[in-house]
Amino acid sequence: MTTEMEAVSVLQYLDNKSILVIGAAGFLANIFVEKILRVAPNVKKLYLLLRASNEKSATQRFNDEILGKDLYKVVKEKYGPNLTELTTEKITVVNGDICLADLGIQDSLAHEMIHQVDAIVNLAATTKFDERYDVALGINTLGPLNVLDFAKKCENVKIFVHVSTAYVCGEKSGLIMETPYRMGETLNGTTGLDINHEKKLVQEKLDQLLVIKAPPETITQAMKDMGLTRAKMYGWPNTYVFTKAMGEMLVGEQRDNISLVLIRPSIITSTFKEPFPGWTEGIRTIDSLAVGYGKGRLTCFLGDLNAISDVMPADMVVNSIIVSMAAQTGKQKETIYHVGSSQRNPLKNEKLPEVAYECFTTKPWTNKDGKQVHVRKIEILSSMPSFHRYMAIHYSIPLKGLAVLNMVLCKLLDKNVKDFHRKINLAFRLVDLYQPYLFFYGVFDDSNTEKLQRMVLKAGVETEMFYFDPKIINWDDYFVNTHIPGLVKYVF
């Protein structure tokens, strides 16, 4: 799939456009909304779909969870007291749910949107690797189809951007192309993948659990186990990427004449430049390692140091989304964009422990008691057998000793033994979930994305405004001076 090489003006495209943003409270969606408000004040309307009990609480969520964030400080400085007037005019908060038909939008507002919306961007997702299967299937697989069905009812929608993930490829190695997954396609060649059947299996399992009056925690665990089992049956490593892949299949097959863009970002990290460097929230895949290490809790790094971690700052991902809207509007085709760095500016895993050590020795983290946490060079475990040996020496053998002592003391240490056992099981479970990414040997082809970058008007400010070329990133500088300080400020 190729992109015609024609220059586009993104700002001109955004003028007088009405855009529906699904999953508006999420990390990427926040950055998307902030960017539009800051650089495109002539946009007509941003409809922000938020899940809440009613319209009033949806508006409250917008004020608290979106506008109230530090992320919006640049917009607040730019517009000052006029920001309230701007948001009142430009933003309509929509109480809705991606899991419902017509997105659960009230009839009167839905009628307005059907006549007004020009573009739809779906950023809603549950990104937990071991999410409940019923939840992940509803949000990641069937949700995009509900958005597409709503797009088809809209009179003026010329583009539907669905944000997926580059890791729908599973554990493939080598060069991974910007190609679609077709209905029923699997990663291991196993036949029989049918999304309707998956829905039916989930409902049958839930019904069985209700009949035996299973407690909520049993139902949750059963749904989590089911998701991982079904994913691995067809070659995907976890529930998240499996359900995202099925979501791609659905919208790809049923789009009709809707212009469809699938954005596949790699691992998303803090902002590179805008609205300011280092904005982040929540703990993403590689961030859990930095947080654990900086707090003195992580003493080893599991992963192949020669493998590549494909990461991309969040503001670059958002810029690619906005440019793709302008470039592909009305094209009546499906185009896939890998938004990552492994092809044009690869980051080797060996860099991660190096920069973490540099950051936390130069400026140790100070805990809530006011004490600095001093870190040591991290021990590198370059294979799963080395990880199992490490766990046996440092945890499994001491646990056995603690268990013997507990027996001698008439089970006075029962709680300690159970807590220790629980932590070890959690460590193994987390490694099982993350292992495919710690030993990942794929490189994401980004030919379409590179062409998209070249389509931005060279004249004026737009190339500076809508940057997403990974070659401009100096990884040492980014991690030491931007990303890790951002984690310390917003996540620790």
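Note that the coordinates shown come from a computational prediction; the quantities given were computed from them, not determined experimentally.

### A look at the pairing of strand S4 (residues 119-122)
As a general feature of sheets, a regular strand has side chains that alternate between the two faces.
Now for step 1: Of the two faces of S4, the one holding Ala119 and Val121 and the one holding Ile120 and Asn122 are both buried throughout.
Now for step 2: Alignment of strand S1 (residues 18-22) against S4, held across 4 bridges, turns out to be parallel. From the neighbouring strand, leucine 20 faces S4, where its bridge partner is isoleucine 120.
Now for step 3: When S4 meets strand S5 (residues 159-163), the two strands line up parallel, connected through 4 bridges. By the bridge assignment, asparagine 122 is partnered in S5 with histidine 162.

### What about the packing of helix H13 (residues 351-362) against helix H18 (residues 475-490)?
The relative placement of two packed helices comes down to the angle between their axes together with the axis-to-axis distance.
Now for step 1: Two elements in contact, H13 and H18, have axes whose closest approach is 10 Å; the angle formed by their N-to-C orientations is 65°. When you trace H13 past H18, the crossing you get is right-handed. In contact with Lys351, Leu352, Val355, Ala356, Glu358, Cys359 and Phe360 of H13, H18 contributes Asp476, Phe479, Val480, Ile484 and Val488.
Now for step 2: Considered class by class, the residues forming the contact of H13 with H18 number 9 nonpolar, no polar and 3 charged.

### Focus on H13
Now for step 1: Between its first and last C-alpha, H13 extends 16 Å over 12 residues, near the 16 Å set by a 1.5 Å rise per residue.
Now for step 2: Inspection of H13 places Leu352, Pro353, Val355, Ala356, Cys359 and Phe360 among the buried residues, and these make up the whole buried set. Angular distribution of buried residues about the axis of H13 spans 165°; they occupy a single face of the element.
Now for step 3: The elements touched by buried residues of H13 are helix H11 (287-294), strand S12 (365-366), strand S14 (379-381) and H18.

### Observations concerning the pairing of strand S2 (residues 45-50)
Now for step 1: Of all 6 residues in S2, 6 are buried, a share of seventy percent or more.
Now for step 2: Residues of S2 alternate between two faces, with Lys45, Tyr47 and Leu49 on one and Leu46, Leu48 and Leu50 on the opposite face, all of them buried.
Now for step 3: Summarising the sheet, S1 and S2 pair through 5 bridges and their orientation is parallel. Bridge pairing links leucine 20 to tyrosine 47 in S2.
Now for step 4: The parallel pair S1 and S2, bridged by helix H2 (residues 27-39), forms a crossover whose chirality is right-handed.
Now for step 5: Bridging between S2 and strand S3 (residues 91-95) involves 5 bridges; their strand directions are parallel. Looking across to S3, one finds that leucine 46 is bridged to isoleucine 91.

### Observations concerning unusual backbone geometry
Now for step 1: The amide bond that connects glutamate 274 to the next residue, proline 275, takes the cis arrangement and shows omega of 0°.
Now for step 2: Its location among the elements puts proline 275 in the loop between strand S8 (267-269) and H11.
Now for step 3: Although it is not a glycine, glutamine 332 adopts a positive phi angle of roughly 55°.
Now for step 4: Here glutamine 332 is to be found in the loop between helix H12 (314-328) and strand S11 (334-339).

### So, the side chain of arginine 255
Now for step 1: Checked against the element boundaries, arginine 255 lands in the loop between helix H10 (239-254) and strand S7 (260-265).
Now for step 2: Despite being buried, arginine 255 has no salt bridge partner; glutamate 334 is the closest side chain of opposite charge, sitting 4.4 Å away.
Now for step 3: Sequence-distant contacts of arginine 255, defined by excluding residues within four places in its chain, comprise Leu148, Lys152, Leu260, Gln332, Lys333 and Glu334.

How each quantity is defined
- Residues numbered from 1 in each chain as written.
- Predicted model: local features only at pLDDT ≥ 70, side-chain atom pairs only at ≥ 80, totals over all residues.
- Heavy atoms only, no water.
- Buried < 20%, exposed > 50% of the residue type's maximum accessible area, 1.4 Å probe, protein only.
- Helix = DSSP H or I, 4+ residues; strand = E, 2+ residues; numbered from the N terminus.
- Pairing = 2+ DSSP bridges.
- Axes fitted to C-alpha atoms, helices over the stretch in contact; angles between N-to-C directions.
- Left-handed = near helix turned anticlockwise from the far one by under 90°.
- Contact = heavy atoms within 4.5 Å.
- Nonpolar A, V, L, I, M, F, W, Y, C, P; charged D, E, K, R; others polar.
- Expected span 1.5 Å × (residues − 1).
- Arc of directions from axis to C-beta.
- Right-handed = clockwise from strand over helix to strand, strands pointing away.
- Lys, Arg positive; Asp, Glu negative; His and termini not counted.
- Salt bridge = Lys/Arg side-chain N within 4 Å of Asp/Glu carboxyl O.

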